[in-house]
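# Per-entry structural report
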Amino acid sequence: MSDTPKIVEMQVIPVAGYDSMLLNIAGAHNCYFTRILLVLKDSAGHTGVGEAPATGVVLKILNDAIPHIVGQEIGIMNQLVSDLHKRDLEENRQPKPVLPGLRPWDLERHHNAVAVLETALLDLMGQFLNQPVAQLLGPGKQRDEVPVLGYLFYIADRQKTDLEYLEGKAQAGQHPWYHLRHQEAMSHEKVVQLAEAAQDKYGFKDFKLKGGVQAGEVEIETVRALKKRFPQARITVDPNASWSLEQAISLCKDMHGILSYVEDPCGAEQGFSGRETLAEFKRATGLPVATNMIANDWRQMSHALQLNAIDIPLADPHYWSMRGANTIGTLCNAWGLTLGCHSNNHFDVSLAMLAHLGAAAPGEITPFDTHWIWQEGQHLTKNPLQIKDGKLALNGLPGLGVELDMDAVGIAHQRYNTLRHKDRDDAIAMQYLIRGWAFDGKRATLVR
Ligand SMILES: O=C([O-])[C@@H](O)[C@@H](O)[C@H](O)[C@@H](O)C(=O)[O-]
Ligand SMILES: [Mg+2]
């Protein structure tokens, strides 16, 4: 047996960047978002990186894993990942606090640690083999460019807060997107203006509107306005399961030709699971359904498929893992479904993860979600991938093809250390808009 390089160092680096006051069912994005970089160095002199959402739970799982990873060969990466998964499952068995309904990301945490370890190991393995990560996934690289959509949000007025949101002052010679993404956008007109700027800057062909914020009727009108302005675009809306089944059917049944698909229009209610209500929604409206809420592991996926509840699993590599998400892509291709990808605010290592996942997906894919346009300009790597013409192109380098900019990482880490609230909590900024506001997964954020 030939030796593969040994892992000589593992660093878990939490980082923070700036965000806009984006609204969603869980409240308003804080002025900072947080992520974790997992950095592995091997005896061949390579550095492997992965990015994950930052929570105290994931930080602890990863820091606890360091003695189990350092000193091991990258050749046993599968075992290293599955060992962490087993330890992770043990952690999962511990009693959990009872939440007043689940926020979109509550389900993901325990998978994030496993996924980010796998990513960093794939990055090392790719560099060892001198191949891009996309070649190490399932059927290998299927394409060089991956379509992504313009992910639009209603934006609250940051000036109602004393939080440190960036002003995004308009500057001569600068693209209007960099100004608009920081300004209030609550009306159809303002959202269309955002879409126009994003399309001009990044070339998007398709759009997604984050819903669950205003009354469903208002959000459907925003969708209509977007479609009117961009008749060729595939448009979707995602209220994060906050509409009732009845409401979702009534809002969407006449939207054929306007909504190309609908994301998590409804969820669990009255003793029925979200998989059951989505199946009913699909039958009643005939519209394709995407989800990042009810088919996030193999057990959930099996129920969703048996019920014919979904058409587009949004297989996020940050909780499915790169290889798990690629397997979903294979399943989609074989079973007549379509692979999409969910996102949260992220830095540029995650951007590369999305690109390699999409590049290795067999068959048809729907443009991937990415929040990158809200962060673009805050790079942690040298020469990050660019969204051009609505697509992300691989850069031809081995592994993930990223090189950390350690100065930028250091600044983002310092920023993280200064934060009082390190885990995401969108209820905090919401207090400035509605005093005493509390998350309720069944009520639109501003309908109180
Ligand atoms: O960034 C947000 O506010 C989104 O609501 C995010 O947290 C969701 O997980 C996600 O983008 C989704 O598609 O549900
Ligand atoms: Mg979603």
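Residues numbered from 1 in each chain as written. Chains lettered and ligands numbered in written order. Predicted model: local features only at pLDDT ≥ 70, side-chain atom pairs only at ≥ 80, totals over all residues. Heavy atoms only, no water.

## Digging into the side chain of R35
Here is the rule we go by: Helical segments are the DSSP runs of H or I of at least four residues, strand segments are the runs of E of at least two, and each set is numbered from the N terminus. Each residue gets one of three labels from its accessible area relative to the maximum for its type: buried under 20%, exposed over 50%, partly exposed in between, using a 1.4 Å probe on protein chains only. Polar contacts, as counted here, are pairs of nitrogen or oxygen atoms within 3.5 Å of one another; within protein the pair requires one atom able to donate a hydrogen and one able to accept it, and residues that are adjacent in sequence qualify only if both atoms are side-chain atoms.
Take R35: it is sitting in strand β4 (residues 32-42). On the basis of relative accessible area, R35 is assigned to the buried category, the value being 3%. Of the polar contacts made by the side chain of R35, one reaches the side chain of H318; its length is 3.3 Å.

## With respect to the pairing of strand β5 (residues 47-53)
The cut-off we apply is this: Any two strands between which DSSP finds at least two bridges are classified as paired.
Judged by how many residues are buried, β5 sits mostly within the fold: six of seven residues are covered. Of the strand pairs in this sheet, β4 and β5 are connected by seven bridges, and their pairing is antiparallel. Its bridge partner lying in β5, L37 is registered against E51. Counted between consecutive antiparallel strands, the loop separating β4 from β5 contains four residues, among which G45 sits at a positive phi close to 90 degrees.

## Remarks on the UniProt feature "binding site: Mg(2+)" (unreviewed entry) in the chain
What counts is decided by this rule: UniProt positions are given in the numbering used here, feature names are shortened, and annotations may be inferred rather than shown by experiment. Only heavy atoms matter for contacts: two residues are in contact if any of them lie within 4.5 Å across the pair.
Listed under "binding site: Mg(2+)" (unreviewed entry) in the UniProt record, and renumbered for this structure, are D238, E269 and N292. Summarising the element assignment, E269 is placed in the loop between β10 (262-263) and α9 (274-285). The buried category is assigned to E269, whose relative accessible area is 18%. With residues up to four places along the chain from it excluded, the contact list for E269 reads S244, L245 and T277. Here L245 takes part through its backbone nitrogen, which lies 3.0 Å from a polar atom of the side chain of E269.

## Notes on the coordination of the magnesium ion (ligand 2)
So the rule is basically this: A donor here means an N, O or S atom no more than 2.8 Å from the metal, or no more than 3.2 Å when the metal is Na, K or Ca. Since water is not included, a site may seem to lack partners.
Protein-derived coordination of the magnesium ion (ligand 2) comes from D238 (OD), E263 (OE) and N292 (OD1), at a distance range of 1.9 to 2.2 Å. The sequence pattern describing where the donors of the magnesium ion (ligand 2) fall on their chain is D-x24-E-x28-N. A residue pair is termed long-range when its members are at least 10 positions apart, and E263 in strand β10 and N292 in the loop between β11 (289-291) and α10 (298-306) qualify at 29 residues. A relative accessible area of 0% places E263 in the buried class. With a relative accessible area of 1%, N292 lands in the buried category.

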